[in-house]
Amino acid sequence: MSFSEYENVILKETEDGVAVLTINRPKALNALNLSALQDIGDALREVKARNDIRVVIITGSGAKAFIAGADIKEMQHDSVTEALKLSKLAHKSFGEIEHLPQFVIAAVNGYALGGGCELASACDMRIGSMSAKVGQPETGLGIIPGFGGTQRLTRLVGRGKAKEMIATCDMIDAEEAYRIGLFDEIVDPDKLMDKAIEIAHKIMKNAPLSVARAKYSVDRGADLPLDIAIDIESQIWAEMFGTKDQSEGMAGFVEKRDKHFIGK
Ligand code: DAK
């Protein structure tokens, strides 16, 4: 089953069921305009409806950029009302990433600036090419990060580093992004997609519902007091014992055989 075609993104499926979403506006270094944000949201909703797809990789078209931020030329003359429309659409599209049952890997192949860093921060993990450059340049444009950058980035790298990146507008390289915990892995540029696919394959060996519910538990719990978060984890942990995959996973171990998970 193939995916729809979009103006600003390419959504493809590998032979073994990994969805690859490529932001495709290379002439603008994949900057996000209103229409691209709409496409990202629509593409992710399409992926969500496909329970045979287990992992999504998001990357940028071309060698130079992942996403160079929101489209400055398009928003330059926005009124407050138009800015609000952009903001709502962006939050809806970025929210789709976190609410997907599938695991989402950002394969950051170049500049990830402003909205690009924010989109990567909304993914479940980030693999950076050694050529990647990351930054939040908004305060140099007279705005602040508005696609979750003051929040998700802070949760990933801590308040001090997030505020330093935002207030200085400095771009950091891949090694620094890895050192501060923004990138989870760093690889040579020509190994980026191979690494993302390798991780996708590891994830796909495991029980789909367990991966989806563990993702939910991590994200939901991260913003709550520990005792409430532990209650959520406990509830989900127990729920798993009502699934066929829990029976299969434990039987497979005890019987020393391969496991065949069905996502139920
Ligand atoms: N928007 C529009 N066009 C962009 C762009 C962008 N963000 N980034 C690059 N381009 C375009 C350039 O204008 C240029 O187009 P032409 O001039 O050829 O037509 C083409 O891409 C190639 O870029 P450069 O010629 O500049 O390439 P260089 O190698 O010299 O420089 C660069 C690469 C990435 C360092 C540079 O392009 C750059 O600094 N780009 C801007 C990066 C940036 O400031 N990004 C942050 C954007 S602000 C909101 C919430 C959040 C946001 C907005 C609204 N609401 C709540 C409503 C988010 C804001 C941002 O992300």
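Residues numbered from 1 in each chain as written. Predicted model: local features only at pLDDT ≥ 70, side-chain atom pairs only at ≥ 80, totals over all residues. Heavy atoms only, no water.

**Quick look at the sheet that holds strand β1 (residues 9–13)**
- Spatially, the 6 strands line up as an open sheet ordered β1-β2-β3-β5-β7-β10, and their pairing is mixed. At either margin of the open sheet sits one strand with a lone partner, and together these are β1 and β10 (185–187). For this sheet the average axis-to-axis angle between neighbouring strands, irrespective of direction, equals 20°.
- Direction of pairing for strand β2 (residues 18–23) relative to strand β3 (residues 55–60): parallel, over a ladder of 6 bridges. Across the sheet, the residue bridging to Thr22 is Thr59, located in β3.
- Across the sheet, helix α8 (residues 192–204) touches β2, β3, β5 (103–108), β7 (125–129) and β10, and the angle it forms with β5 is around 165°. (Pairing = 2+ DSSP bridges. Helix = DSSP H or I, 4+ residues; strand = E, 2+ residues; numbered from the N terminus. Axes fitted to C-alpha atoms, helices over the stretch in contact; angles between N-to-C directions. Contact = heavy atoms within 4.5 Å.)

**Some details on the sheet that holds strand β9 (residues 172–173)**
- Taken in spatial order, the 4 strands make up an open sheet running β4-β6-β8-β9, and their pairing is mixed. In this open sheet, the two edge strands, each paired with only one partner strand, are β4 (65–67) and β9.

**Regarding the packing of aromatic side chains**
- Throughout the structure, instances matching the rule amount to 2 aromatic pairs.
- Between Phe94 and Phe147, the ring centres sit 5.4 Å apart and the planes meet at 65°, which makes this aromatic pair edge-to-face. Residue Phe94 is found in helix α3 (residues 80–99), and its partner Phe147 is found in the loop between β8 (133–135) and α5 (152–157); the two are separated by 53 residues along the sequence.
- For Phe147, a relative accessible area of 7% corresponds to the buried category. (Phe/Tyr/Trp six-rings, centres within 6.5 Å; stacked < 30°, edge-to-face > 60°. Buried < 20%, exposed > 50% of the residue type's maximum accessible area, 1.4 Å probe, protein only.)

**Regarding a nonpolar patch on the surface**
- A cluster of nonpolar residues, Ile72, Leu141 and Ile143, forms a patch on the protein surface that exposes about 260 Å² of accessible area.
- Residue placement: Ile72 occurs in helix α2 (residues 72–75).
- Here Ile72 falls in the partly exposed class, since its relative accessible area comes to 45%. (Patch = residues over 30% accessible without salt bridge, like charges linked within 9 Å, V, L, I, M, F, W, Y side chains within 5 Å. Areas by Shrake-Rupley, 256 points an atom, 1.4 Å probe, with all protein chains shown as cover. Salt bridge = Lys/Arg side-chain N within 4 Å of Asp/Glu carboxyl O.)

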